[in-house]
Amino acid sequence: MRAREAATLALAALAACGLSACQRHGTGGRPARAPVTVVCPGDNGGLSLSPGFCATVYADDLGHARHLAVAPDGTVYVNTWSGAYYPDRPAPAGGLLVALRDSDGDGRADVVQRFGPSVGEGGAGGTGIAVYAGAVYAEDRGRILRYRLTPGSLAPTGPAEVVVAGLPLTGDHPMHPFGIDARGQLFVDVASATNACQRDNRIPGSPGRNPCGEKRIRAGIWRYDANRTGQVFSSAGRYASGLRNAEGFAFDAAGRFFATQHGRDQLAQNWPSLYTPGQSAELPAEELVQVARGADYGWPECYYDQQQAKLVLAPEYGGDGGRKVGICAGRRGPVAAFPGHWAPNDLLIYRGAKLPQGYRGGAFIAFHGSWNRAPLPQGGYNVVFQPLENGKASGPFVVFADGFAGPDRDPGGAAFRPTGLAEGPDGAIYVADDVRGRIWRITYQGDGSDPVAPAPAAPVGPPAALSAEPPEGTRAEAGEALPTPPGATAEEVRLGQRIFEGAARGGTCSGCHGPGGTGGPQGPALDTGRWLWGDGSLRSIRATIEKGVPHPKRRREPMPPQGGAQLTDKDVDAVAAYVWAIGHAKPAP
């Protein structure tokens with residue numbers, strides 16, 4: 001299709017479907033369905049919501065659902081991922097893309113079709129997905145693919161066309177979320193390969209590379225043409241830079257382009273003389289930025305300190321713990337800032353007219369949840385609403401939807417973790433989860449008079465960092481004492497558990513390896529009895545903890561010495577004893 005014809009089709013579809021459907025996900029070119037009215041079931045699918053709202057479970061057990069898009073006819077499309085973030089959780093059989101439809105109007109999808117390649121066929125899925133100009137666009141293995149939709153069909157049936165190829169897959173952030181605006185501009189996140197562009201990634205005291213060479217081909221947003229195939233990634237496509245990991249994209253009614261940014265990690269772990277663990281838990285901010293061509297948002301030389309409301313110089317580049325500004329005075333700050341490490345994975349600018357006035361034109365942000373806020377409780381695992389006016393924050397954010405994680409707010413224990421957001425043609429808001437692949441459909445049931453207000457606090461159990469010991473009933477070893485390694489004591493094992501879980505000494509182990517060492521996105525399981533480094537003896541485990549793992553065998557992110565914490569020799573002995581104990585414990589039945 002020629003570019004002029006494609007643009008004409010896009011504009012026609014935009015006029016046909018209205019602003020509520022034609023936001024960052026583009027247009028689908030099919031007539032919108034009649035609005036669905038759903039009686040609120042009462043439990044809101046386990047969520048706590050702002051006043052006047054209701055949720056139903058639209059679909060469940062889809063795999064690791066990441067982003068989603070809704071076509072003008074109400075069909076929901078989901079991209080699921082089987083990549084490096086889920087090494088121990090296999091994907092469901094069939095294609096990794098999913099099409100869903102609620103044909104009977106009860107608020108739950110009763111027609112589900114998978115399409116695209118399966119894992120067995122070489123597919124990996126991904127994060128990004130969009131509907132634009134009669135096609136579904138999706139990320140898979142460093143490519144943006146296009147699947148043409150056939151009128152009357154739920155899922156595409158033809159082969160995929162490659163729109164962009166060669167997107168980098170190495171390093172800490174291999175995903176490529178994207179958005180397509182009404183003009184057909186395709187904006188792609190090419191996130192950083194490292195945490196802070198250090199010479200040795202995530203290793204204490206390692207200075208930043210100056211200049212940071214990866215900024216030429218990473219840590220920014222690239223622009224392509226959604227109407228063309230055969231495009232190849234190169235440094236020439238860079239649109240904006242200094243964005244460590246911009247997962248969520250959205251466009252407002254005026255055409256302004258917004259993105260979220262994941263702030264950097266491990267200030268105290270890598271620079272203990274400049275930051276306390278408490279400061280590192282709160283800093284830096286997660287950000288909502290307005291994206292402008294050629295702008296630099298600061299990474300890696302700068303980070304945004306929400307407590308001072310300014311960009312400051314990072315320690316890898318001569319920062320002194322938050323006082324120096326230096327070159328950061330010339331970098332662009334955010335529209336709004338949020339608590340550190342909450343992980344903003346998607347963004348929705350509400351374009352419809354079904355919600356009360358205070359929500360219209362504002363930003364909904366899905367926070368995947370933190371892993372490194374120890375010694376404070378982990379945070380996020382929610383959807384917040386940020387009021388906006390004329391492209392700027394017009395008030396404080398509120399927690400709009402909560403309760404996803406359940407009582408255990410940590411990466412290994414959370415029941416669900418929000419990853420994707422989309423708006424339907426009837427004004428409903430869809431939220432995706434990547435733990436079990438659940439999708440919620442949230443609708444407004446009030447009379448329009450409800451103000452923007454936070455959801456009631458969801459019930460939360462003791463955070464892992466504050467749990468009493470031993471954690472009976474909450475971990476795999478509950479009900480049975482852990483074994484004691486030769487030459488150690490039961491008291492050492494108990495202390496090691498407290499440090500591991502973040503309840504003592506500023507330990508950070510469970511943030512990567514999961515609670516109880518059951519495994520997480522950043523670190524492997526330690527309770528299997530299998531050892532990648534050493535022979536599983538107490539001495540070899542201690543040596544690995546002491547030296548760290550600068551070059552992992554099966555994971556992307558290295559482990560700094562002592563996990564980045566400042567431990568004494570006795571502390572290291574205790575953690576080693578605990579890791580030995582969970583690795584030698586009797587398997588749960």
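Throughout, a residue's number is its position along its own chain's written sequence, starting from 1. Residues qualify for local features only when their pLDDT is at least 70, as the model is predicted, and side-chain atom pairs are given and counted only at 80 or more; totals for whole chains, interfaces and linings, by contrast, use all residues. Excluding hydrogens and water, the side-chain values take into account all heavy atoms of the structure.

1. Comments concerning the packing of helix 6 (residues 538–547) against helix 7 (residues 569–584)
The convention used is that axes are lines fitted to C-alpha atoms, helices contributing only their stretch in contact, and that angles between N-to-C directions extend from 0 to 180 degrees. Secondary structure counts use DSSP, requiring at least four H or I residues in a row for a helix and at least two E residues in a row for a strand, with both numbered from the N terminus. Here helix 6 crosses helix 7 at 125°, and the two axes come no closer than 9 Å. The angle between the axes of helix 6 and helix 7 places the two elements in the oblique class. Our pair here, helix 6 against helix 7, has a crossing hand that is right-handed. Contacts between helix 6 and helix 7 involve Leu538, Ile541, Arg542, Ile545 and Glu546 on the former and, on the latter, Asp569, Val572, Asp573, Val575, Ala576, Ala577, Val579 and Trp580. Each angle gets one of four labels, with under 35 degrees taken as roughly parallel, over 145 as roughly antiparallel, 65 to 115 as roughly perpendicular, and the rest as oblique. Should the near helix be turned counterclockwise from the far one by less than a right angle, the crossing is left-handed, whereas a clockwise turn marks it as right-handed. Whether two residues are in contact is decided by their heavy atoms: any pair within 4.5 Å suffices.

2. Some thoughts on unusual backbone geometry
That bond from Leu283 to Pro284 is cis: its omega, -10°, falls within 30 degrees of zero. Looking at where Pro284 falls in the secondary structure, it is placed in the loop between helix 3 (277–282) and strand 18 (286–290). Look at His341: it is not a glycine, yet its phi comes out positive at around 70°. Along the chain, His341 falls in the loop between strand 21 (336–338) and strand 22 (344–349).

3. Observations concerning the environment of Arg331
Looking at where Arg331 falls in the secondary structure, it is placed in the loop between strand 20 (310–313) and strand 21. For the pair Arg331 and Ala295, spaced 36 residues apart in the sequence, the C-alpha separation amounts to 7.7 Å. The contact partners of Arg331, leaving out residues within four places of it in the chain, are Lys215, Asp296, Tyr297, Gly298, Glu301, Cys302 and Leu311. Among the polar contacts made by the side chain of Arg331, one reaches the side chain of Glu301 at a distance of 3.1 Å. Counting of polar contacts relies on pairs of N or O atoms within 3.5 Å, with two restrictions inside protein: one atom must be capable of donating a hydrogen and the other of accepting it, and residues adjacent in sequence are counted only when both atoms are side-chain atoms.

4. Looking at the sheet that holds strand 18
In sheet architecture, strand pairing relies on hydrogen bonds along the backbone and comes in two forms, parallel and antiparallel. Strands are labelled as partners when DSSP assigns at least two bridges between them. If you walk across this open sheet you meet the four strands as 16-17-18-21, and the pairing is antiparallel. A strand with exactly one partner marks an edge of an open sheet, and here the two such strands are strand 16 (249–251) and strand 21. Taken pair by pair, the neighbouring strands of this sheet meet at an average axis angle of 20°, ignoring direction.

5. Quick notes on the layout of surface pockets
Grid points spaced at 1 Å and placed over the protein atoms alone form the basis of the search, with a cavity being a set where a 1.4 Å probe fits but cannot get out and a pocket an open set showing protein on both sides within 12 Å along at least five of seven lines. Lining residues have an atom within 4 Å of a point. Grid points are joined across faces, edges and corners, and a volume is the space filled by probe spheres set on the points. In this structure, the largest pocket encloses a volume near 960 Å³. In terms of lining residues, the largest pocket is bounded by 40 residues, among which His513, Gly523, Pro524, Ala525 and Leu526 are the most central. Residue assignment for the lining of the largest pocket shows that the elements contributing at least two residues are helix 5 (509–513), helix 6 and helix 7. In terms of residue count, helix 6 provides more of the lining of the largest pocket than any other element does, four residues in total. In this count, Pro and Cys sit with the nonpolar residues alongside Ala, Val, Leu, Ile, Met, Phe, Trp and Tyr, while Asp, Glu, Lys and Arg are called charged and the others, Gly among them, polar. For the lining of the largest pocket, the class distribution of residues is 21 nonpolar, 12 polar and seven charged.

6. Remarks on the packing of aromatic side chains
Paired rings are identified among Phe, Tyr and Trp, the last through its six-membered ring, by centres lying within 6.5 Å, and are further divided according to the angle between planes into stacked (under 30 degrees), edge-to-face (over 60) and tilted (the rest). Under the definition given, this model contains 26 aromatic pairs. Site record: aromatic cluster; members linked through ring pairs are Phe53, Tyr350, Tyr359, Phe364, Phe385, Phe400 and Tyr444.

7. Section: the pairing of strand 5 (residues 97–101)
Two faces belong to every sheet, and in a regular strand the side chains alternate between them. The rule is simple: take the accessible area with a 1.4 Å probe, protein chains only, and divide by the maximum for that residue type; under 20% is buried, over 50% is exposed, in between is partly exposed. Taking burial as the measure, the five residues of strand 5 include four buried ones, the bulk of the element. In the sheet, strand 4 (residues 76–80) pairs with strand 5 via four bridges, with the strands oriented antiparallel. Residue pairing for strand 5: Val76 is matched across the bridge by Leu100. Sheet topology places strand 5 next to strand 6 (residues 111–115); five bridges connect them, and they run antiparallel. The partner of Ala99 across the bridge, within strand 6, is Gln113.

8. Focus on the side chain of Thr127
Assignment of secondary structure puts Thr127 in the loop between strand 6 and strand 7 (129–132). Among the polar contacts made by the side chain of Thr127, one reaches the side chain of Arg66 at a distance of 3.0 Å. Sequence-distant contacts of Thr127, that is, excluding residues within four places in its chain, are made with Arg66, His67, Asn79, Trp81, Glu139, Met175, Pro177 and Glu247.

9. A few points about the pairing of strand 4
Of all five residues making up strand 4, five are buried, and the element is well covered by its neighbours. Residue alternation in strand 4 divides its side chains into two sets, Val76, Val78 and Thr80 and Tyr77 and Asn79, and both sets are buried. Pairing of strand 3 (residues 65–70) with strand 4 involves four bridges; the strand directions are antiparallel. If you follow Ala65 over to strand 4, its bridge partner there is Thr80. Hairpin connection from strand 3 to strand 4: five residues lie between these consecutive antiparallel strands, with Gly74 at a positive phi of about 90°.

10. Things to note about the nonpolar core
In plain words, nonpolar cores are sets of buried Ala, Val, Leu, Ile, Met, Phe, Trp, Tyr and Cys residues tied together by side-chain atoms within 4.5 Å. The biggest cluster of nonpolar side chains holds 24 residues, and the ones touching the most others in it are Phe364, Val383, Phe400 and Ile429. Counting only elements with at least two residues in this core, the list comes to strand 2 (53–59), strand 23 (363–367), strand 24 (382–386), strand 27 (398–402), strand 29 (429–433) and strand 30 (439–444). Beyond its immediate sequence surroundings of up to four residues, Phe400 is in contact with Ser48, Leu49, Ser50, Phe53, Tyr359, Phe364, Val383, Val384, Phe385, Ile442 and Ala455. Of all hydrophobic cores here, the second largest spans 21 residues; its members include Leu482, Ala488, Ile541 and Tyr578.

11. A closer look at the sheet that holds strand 24
Across the sheet, five strands lie side by side as 1-27-24-23-22; this open sheet has antiparallel pairing. Lying at the two open borders of the sheet, with one neighbouring strand each, are strand 1 (48–49) and strand 22. Pairing geometry for strand 23 and strand 24, over five bridges, is antiparallel. Paired with Ala363 across the strands is Gln386, a residue of strand 24.

12. Some words on the pattern of salt bridges
The rule for a salt bridge is simple: a side-chain nitrogen of Lys or Arg has to be within 4 Å of a carboxyl oxygen of Asp or Glu. Enumeration over the complete set of coordinates arrives at 27 salt bridges. Arg101 is the partner of Asp73 in a salt bridge, and the nearest nitrogen-oxygen pair spans 3.2 Å. Of this pair, Asp73 sits in the loop between strand 3 and strand 4 while Arg101 sits in strand 5, and the two are 28 residues apart along the sequence. On the basis of relative accessible area, Asp73 is assigned to the buried category, the value being 7%. Lys215 is paired through a salt bridge with Asp296; the nearest N and O atoms lie 2.8 Å apart. Residue Lys215 is found in the loop between strand 12 (185–190) and strand 13 (220–225), and its partner Asp296 is found in the loop between strand 18 and strand 19 (302–305); the two are separated by 81 residues along the sequence.

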